[in-house]
Amino acid sequence: MKKKILALMLVMLLILSFTACGGDGDIAEEASAAWSEATGDQVKSAAAEKYGSGMSESHQIMAAFILKRNGMESDLSAYKEVFLVTIVLETGEEYGMVVADGQMVFPEIVQG
């Protein structure tokens, strides 16, 4: 009986941990939806890359530039979480946007 209860508690804990984790895929989906809503463009794919998880220097510079052009702090370490999201449109055009501490930050092209 105790083993069954322990096994059930373990399964519940695992389920909760997986559903609470979110992850880069969720960030990419949220960014993709925000992009479509802001621009009306059809997004073909989106991929998120987290700062501090092996993000290349060129991608760090791109993320910092997008933040700076939006009047935000460009030092990526000033944020709890920063993602560079690569958006690919149905037309084949590719753009980068940033998600900084949950805030969607679009490149200048989206803002006019």
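Parameters and conventions
- Residues numbered from 1 in each chain as written.
- Predicted model: local features only at pLDDT ≥ 70, side-chain atom pairs only at ≥ 80, totals over all residues.
- Heavy atoms only, no water.
- Helix = DSSP H or I, 4+ residues; strand = E, 2+ residues; numbered from the N terminus.
- Buried < 20%, exposed > 50% of the residue type's maximum accessible area, 1.4 Å probe, protein only.
- Contact = heavy atoms within 4.5 Å.
- Phe/Tyr/Trp six-rings, centres within 6.5 Å; stacked < 30°, edge-to-face > 60°.
- Pairing = 2+ DSSP bridges.
- Axes fitted to C-alpha atoms, helices over the stretch in contact; angles between N-to-C directions.
- Salt bridge = Lys/Arg side-chain N within 4 Å of Asp/Glu carboxyl O.

Undergrad: Report on the overall build of the protein chain, specifying residues and quantitative values.
TA: Helix and strand content of the protein chain: 4 helices and 4 strands. Starting at the N terminus and walking to the C terminus, you meet the elements of the protein chain as α-α-β-α-β-β-β-α. Split into buried and exposed, the 112 residues of the protein chain put 27% on the buried side. The long-range fraction of contacts in the protein chain, counting pairs at least 24 apart against all pairs at least 6 apart in sequence, stands at 54%.

Undergrad: Please set out the packing of aromatic side chains residue by residue, giving values where relevant.
TA: Aromatic ring pairs are described here by two measures, namely the spacing of the ring centres and the angle between the planes. According to the stated counting rule, one finds 2 aromatic pairs in the structure shown. Seen from their ring centres, tryptophan 35 and phenylalanine 106 are 6.1 Å apart, and the 55° between their planes marks the pair as tilted. Here the residue tryptophan 35 occupies a position in helix H2 (residues 24-39), and phenylalanine 106 occupies one in the loop between strand S4 (103-105) and helix H4 (108-111), the gap between them amounting to 71 residues. Pair check on accessibility: tryptophan 35 and phenylalanine 106 agree, each one buried. Through a chain of ring-to-ring contacts, three or more aromatic side chains come together here, namely Trp35, Tyr95 and Phe106.

Undergrad: I'd like to hear about the side chain of serine 32, residue by residue, with values.
TA: Tracing the sequence through the fold places serine 32 in helix H2. With sequence-adjacent residues up to four places away left out, serine 32 is seen in contact with Val43, Ala46 and Ile87.

Undergrad: Can you lay out the sheet that holds strand S2 (residues 82-89) for me, pointing to particular residues and giving the numbers?
TA: What the 4 strands build is an open sheet, ordered S1-S2-S3-S4; its pairing is antiparallel. Only two strands of the sheet have a single neighbouring strand rather than two, namely strand S1 (43-50) and S4. Looking at each pair of strands side by side, their axes are set apart by 25° on average, direction ignored. Contacting S1, S2, strand S3 (94-100) and S4, helix H3 (residues 57-69) runs over the sheet at an angle of about 75° to S3.

Undergrad: Provide a residue-level description of the pairing of S3, including the pertinent values.
TA: S3 sits mainly inside the fold: 5 of its 7 residues count as buried. Judged from the 7 bridges that link them, S2 and S3 form a sheet pairing that is antiparallel. Of the residues in S3, the one forming a bridge with leucine 84 is valine 98. Hairpin remark: S2 followed by S3, antiparallel, with 4 residues in the connecting loop; positive phi at glycine 92, about 95°. Note that S3 and S4 share 3 bridges and pair antiparallel. Within S4, the position partnered with valine 99 by the bridge is methionine 104. Hairpin remark: S3 followed by S4, antiparallel, with 2 residues in the connecting loop; positive phi at aspartate 101, about 50°.

Undergrad: Outline the pattern of salt bridges, supporting the account with residue identities and numerical values.
TA: Oppositely charged side chains are able to pair whenever their charged atoms sit close together. Considering all chains together, one arrives at 2 salt bridges under this definition. A salt bridge links lysine 50 to glutamate 81; its shortest N-O distance comes to 3.3 Å. Note that lysine 50 is positioned in strand S1 and glutamate 81 in the loop between H3 and S2, a separation of 31 residues in sequence. A salt bridge links glutamate 108 to arginine 69; the nearest nitrogen and oxygen atoms lie 2.5 Å apart. In this pair, glutamate 108 sits in helix H4 while arginine 69 sits in helix H3, placing the two residues 39 residues apart along the sequence. Taking relative accessible area as the criterion, arginine 69 reaches 45% and is therefore assigned partly exposed.

Any link to function would need more than the numbers given here.
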